[in-house]
Amino acid sequence: MARFPEVRSRRLRRTSALRRLFSETDLTPARLVLPLFVRDGAGVRNPVRSMPGVSQTSVDELLRDVERAAEHRLGGVILFGIPERKDATGSEAWSEQGAVQQAVRAIKREFPGIVVITDVCLCEYMEHGHCGIVRDGEVDNDATLELLARAAASHAAAGADIVAPSDMMDGRVAAIRARLDSDGFHGTAILSYAAKHASAFYGPFRDAAESAPAFGDRRSYQMDPANARESLREVRADLDEGADAIMVKPAGPCLDLIWRVREGTDHPVAAYQVSGEYAMIKAAAALGSIDESAAMMESLVAIRRAGADIIVTYFAVEAAARLRE
Ligand code: PBG
């Protein structure tokens, strides 16, 4: 076996041209999806305190963000709605005049070339902030399915290319697929948040989406962060029910799950670099502890290297700009 001094790993690292030639992982804007938070009104742009650079916007302002996303040739955007009114069934989630539904129609009219994904969940729309109907202090799985299907169908009717259920109820993919098909939306795809941990890293998102649970936590429906094999069961269940692509979330703390899911399935795999992952990099950079741009790129390349085809990230536009340099 050849070894030092004949073998020298550094030969292939000597110049940036060599490093580029031997890079094993490519990252392109087409793989990045930008999350956007939309609410009613006009001229609204409310910065999210815990997420520098991220805002809740009204549809008119949202279109400016989508324009930038389109200019940078991002893969797509994923929309989250903040309703004016919350109730016990999350009824604004399927309102034709809801902020998400209006935003989808506007994006499809103005920027037909960008993929529009909608997050399907009830937590933002429920007065208690849980992802489903609550009965006797518990989230009622089966009673929730019909409402999720209704919300997904309303997104499809508005023109969404992909609906992305993030609630973690059992059977939601089948319920949504059946409803989409019976409403004639055979072409609308489902990207399911299949392996989603009950993670502390969603904290800033709950500021942005105003969706923190009023009591308890999400551990009766989201996965225990200690579990990895369970993510494969979740993925298989969702694919069996008709998911077109699956998501792992969060991304950075779950690189092993991304890898396992990549190895365990032939379907497209998405990973969500969540609000807390973003906020940590921003906060450390603001303290002068790390180089923000370098940390951003390294975190995204790591997610891609682990096997993600698609990365949902609040850094999408900044990363695309950096890739263009
Ligand atoms: C809705 C939803 C959440 C996120 C995406 N969809 C919050 C949660 O499950 O509590 C988190 C995204 C992020 O942290 O960036 N259920």
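Report on the accompanying structure. All figures in this text were calculated on a predicted structure; none of them were measured in a lab.

**Considering the site of the ligand**
No. 1: By nearness alone, 18 residues border the ligand, and Lys196, Arg206, Lys249, Ser275 and Tyr314 come closest of all.
No. 2: Between a nitrogen atom of the ligand and a side-chain N or O atom of Asp119, the distance comes to 3.4 Å.
No. 3: Residue Arg218 places a side-chain N or O atom 2.8 Å away from an oxygen atom belonging to the ligand.
No. 4: Bound to the protein, the ligand loses 100% of the 400 Å² it would expose on its own.
No. 5: In terms of residue class, the shell around the ligand is built from 10 nonpolar, three polar and five charged.

**Looking at the nonpolar core**
No. 1: Ranked by internal contacts, the top residues of the largest apolar core, which has 106 residues, are Phe37, Leu79 and Ile107.
No. 2: The dominant element in this core, judged by the number of residues it contributes, is helix α4 (residues 141-158), at seven residues.
No. 3: In this structure Leu79 touches Leu36, Leu62, Val100, Ala103, Val104, Ile107, Val116, Ile117, Thr118 and Asp119, once residues within four positions along its chain are discounted.

**Concerning a positive patch on the surface**
No. 1: Residues Arg8, Arg10, Arg11 and Arg13 make up a contiguous surface patch of positive charge.
No. 2: Structurally, the position occupied by Arg13 is in the segment before α1 (16-21).

**Section: the pattern of salt bridges**
No. 1: Within this structure, the stated rule accounts for 22 salt bridges.
No. 2: In this structure, Arg45 engages Glu61 in a salt bridge whose closest nitrogen and oxygen atoms are separated by 2.9 Å. Of the two residues, Arg45 is situated in strand β2 (residues 45-47) and Glu61 in helix α2 (residues 59-71); the sequence distance between them amounts to 16 residues.
No. 3: With relative accessibility at 13%, the residue Glu61 sits in the buried group.

**As for α4**
No. 1: Across its 18 residues, α4 extends 26 Å between first and last C-alpha, which sits within 8% of the 26 Å expected from 1.5 Å per residue.
No. 2: Judged by how many residues are buried, α4 sits mostly within the fold: 13 of 18 residues are covered.
No. 3: Between the side-chain oxygen of the N-cap and the backbone nitrogen of Asp142 there are 3.3 Å, and the N-cap of α4 in question is Asp140.

**A few points about the environment of Tyr202**
No. 1: Mapped onto the fold, Tyr202 is located in the loop between β9 (189-196) and α6 (203-209).
No. 2: Spatially, the C-alpha atoms of Tyr202 and Ser166 are 12 Å apart, while their sequence positions differ by 36 residues.
No. 3: With residues near it in sequence (within four places) discarded, Tyr202 still touches Lys196, His197, Gln222, Lys249, Pro250, Val274 and Ser275.
No. 4: At a separation of 3.5 Å, a polar atom in the side chain of Tyr202 contacts the main-chain carbonyl oxygen of Lys249.

**A few points about the side chain of Glu92**
No. 1: Tracing the backbone shows Glu92 in the loop between β4 (76-82) and α3 (99-110).
No. 2: Despite its burial, Glu92 remains without a salt bridge, the nearest opposite charge being carried by Arg85 at 4.1 Å.
No. 3: Beyond its immediate chain neighbours, meaning those up to four positions away, Glu92 contacts Asp40, Pro83, Glu84, Arg85 and Tyr125.

**Brief notes about the packing of aromatic side chains**
To describe a pair of aromatic rings, you give the distance between the ring centres and the angle between the ring planes.
No. 1: Taken as a whole, this structure holds eight aromatic pairs when the rule is applied.
No. 2: On the basis of an interplanar angle of 55° and a centroid distance of 4.6 Å, the ring pair of Tyr278 and Phe315 is categorised as tilted. In this pair, Tyr278 sits in helix α9 (residues 275-286) while Phe315 sits in the loop between β12 (310-313) and α11 (316-324), placing the two residues 37 residues apart along the sequence.
No. 3: Take Phe315: its relative accessible area is 0%, and that puts it in the buried class.
No. 4: An aromatic cluster is built from Phe37, Phe80, Tyr193, Phe205, Tyr272, Tyr278, Tyr314 and Phe315, whose rings are joined through pairwise contacts.
No. 5: One residue, Lys249, lies across the ring of Tyr202, its end atom 4.3 Å from the ring centre.

**Comments concerning the pairing of β4**
No. 1: Within β4, seven of the seven residues are buried, leaving the element largely enclosed by the surrounding structure.
No. 2: Covered by surrounding structure in β4 are Gly76, Ile78, Phe80 and Ile82 together with Val77, Leu79 and Gly81, the residues of both alternating faces.
No. 3: As judged from the four bridges shared by β4 and strand β5 (residues 115-120), these two strands associate in the parallel manner. Among the inter-strand pairings, Ile78 is bridged to a residue of β5, identified as Ile117.
No. 4: Handedness of the crossover joining β4 and β5 through α3: right-handed.

**Regarding the pairing of β9**
No. 1: With eight of its eight residues buried, β9 lies for the most part within the structure.
No. 2: For strand β8 (residues 162-165) and β9, the ladder comprises two bridges, and the chain directions are parallel. Paired with Ile162 across the bridge in β9 is Ala189.
No. 3: As for the winding sense of the linkage, the β-α-β connection from β8 through helix α5 (residues 172-182) to β9 is right-handed.
No. 4: Looking at chain direction, β9 and strand β10 (residues 245-249) are connected through five bridges and run parallel. Residue pairing for β10: Ser192 is matched across the bridge by Ile246.

Definitions and limits used
- Residues numbered from 1 in each chain as written.
- Predicted model: local features only at pLDDT ≥ 70, side-chain atom pairs only at ≥ 80, totals over all residues.
- Heavy atoms only, no water.
- Near = heavy atom within 4 Å.
- Polar contact = N/O pair within 3.5 Å; in protein donor to acceptor, adjacent residues only side chain to side chain.
- Areas by Shrake-Rupley, 256 points an atom, 1.4 Å probe, with all protein chains shown as cover.
- Nonpolar A, V, L, I, M, F, W, Y, C, P; charged D, E, K, R; others polar.
- Core = buried A, V, L, I, M, F, W, Y, C linked by side-chain atoms within 4.5 Å.
- Buried < 20%, exposed > 50% of the residue type's maximum accessible area, 1.4 Å probe, protein only.
- Helix = DSSP H or I, 4+ residues; strand = E, 2+ residues; numbered from the N terminus.
- Contact = heavy atoms within 4.5 Å.
- Patch = residues over 30% accessible without salt bridge, like charges linked within 9 Å, V, L, I, M, F, W, Y side chains within 5 Å.
- Salt bridge = Lys/Arg side-chain N within 4 Å of Asp/Glu carboxyl O.
- Lys, Arg positive; Asp, Glu negative; His and termini not counted.
- Charge placed at Lys NZ, Arg CZ, Asp CG, Glu CD.
- Expected span 1.5 Å × (residues − 1).
- Phe/Tyr/Trp six-rings, centres within 6.5 Å; stacked < 30°, edge-to-face > 60°.
- Lys NZ or Arg CZ within 6 Å of the ring centre and 35° of its normal.
- Pairing = 2+ DSSP bridges.
- Right-handed = clockwise from strand over helix to strand, strands pointing away.

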